[in-house]
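What follows is each chain in one-letter form.
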Amino acid sequence: MNRKPVIWIHGVQGEKLDPKPIQDCITEVKKLMGTETSHFIFDWDSVVGERQRKLWEKIKGRGNWLTRAIKKGICFTGTDLWWNLQSKKGGASSDVYSSIQEKLERLVKDLLNSEKKLYLVCHSWGTWEGLQFIINHPEIEFVFITLGCPLPYGSGSFSDWGDPSKLSQIKKWVNIGIPNDPISEMFKNIPCDDDRWINFVEDIDISCFNPLPIKSHSLYWHSSKVQKIISNTIGVY
């Protein structure tokens, strides 16, 4: 029997990816699941990190200390988003977006089993990276698990708030959020005129106390509740 291939996709990083929180979460999920899965962390930060460091070396000397601190945040966080979304003349994707997707393509090619079924566990901006890969591959079946997902905010870019019927390759989508996490949102709260998103995505809010909202965004990897949901979803589907 082929092991189920599970790819974990991180969100926006600081100066570089620290894989330990994801590795710790994988360890706990494997304890719950046994040996039926193979797990791989997709480090897309490696595509942008060196470019960010080169940019920071050029711009870090301009402005006072507070300005430099803000610019460092833009350089190492904001550009993750900007370089992914920016398109070139004629509608072509940015070079960074293309490089990230090509790197993921190579990983999936080595992992995909005979059933052509893939499990994606994606956090924060990694949910966008994962969804783009899903859209580009209608021939693969996906189980999609999103943590701290900001995608509902983006639904407003579509006049109809998005159409999940175009994502038929997703056989199961579980979206896990923490109410105090300002980056995560529930698909049931997308203000469309019907229940299309409610019926398509299983939203799960978990209680996870942290008085600082932005800190809640990094708690998913450490939550036993999240680990159980992930293992149960992969196990059933």
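Everything discussed here concerns the structure shown above.
Presented here is an overview of the structure given in this document. Keep in mind that this is a model prediction, so the values were computed, not measured.

1. Describing unusual backbone geometry
Phi is mostly negative for residues that are not glycine, and the peptide bonds are mostly trans. At Ser 124, a residue that is not glycine, the phi angle is positive and equals roughly 55°. With a phi close to 65°, Trp 161 is a non-glycine residue in the positive phi region. Following the sequence through the fold, Trp 161 ends up in the loop between α6 (151-154) and β5 (170-177).

2. Examining the pattern of salt bridges
For the coordinates displayed, the defined rule picks out six salt bridges. For the salt bridge of Lys 20 with Asp 24, the shortest nitrogen-to-oxygen distance reads 2.8 Å. With Lys 20 and Asp 24 both in helix α1 (residues 20-33) and four residues apart, the pair spans about one turn of that helix. For Lys 20, a relative accessible area of 48% puts it in the partly exposed group.

3. Quick notes on the sheet that holds strand β4 (residues 141-147)
Reading across the sheet, the six strands line up as β2-β1-β3-β4-β5-β6 and stay open at both edges, with parallel pairing between neighbours. For this open sheet the edge positions go to β2 (37-42) and β6 (202-205), each flanked by a neighbour on one side alone. Neighbour-to-neighbour, the strand axes of this sheet turn through a mean angle of 15°, independent of strand direction. Across six bridges, the pairing between β4 and β5 is parallel. Following the sheet pairing, Phe 142 is matched in β5 by Ile 170. Contacts from α1 reach β1 (4-9) and β2, with the element oriented near 170° to β2.

So, how was this worked out
- Residues numbered from 1 in each chain as written.
- Predicted model: local features only at pLDDT ≥ 70, side-chain atom pairs only at ≥ 80, totals over all residues.
- Heavy atoms only, no water.
- Helix = DSSP H or I, 4+ residues; strand = E, 2+ residues; numbered from the N terminus.
- Salt bridge = Lys/Arg side-chain N within 4 Å of Asp/Glu carboxyl O.
- Buried < 20%, exposed > 50% of the residue type's maximum accessible area, 1.4 Å probe, protein only.
- Pairing = 2+ DSSP bridges.
- Axes fitted to C-alpha atoms, helices over the stretch in contact; angles between N-to-C directions.
- Contact = heavy atoms within 4.5 Å.

Geometric values such as these leave the question of function open.
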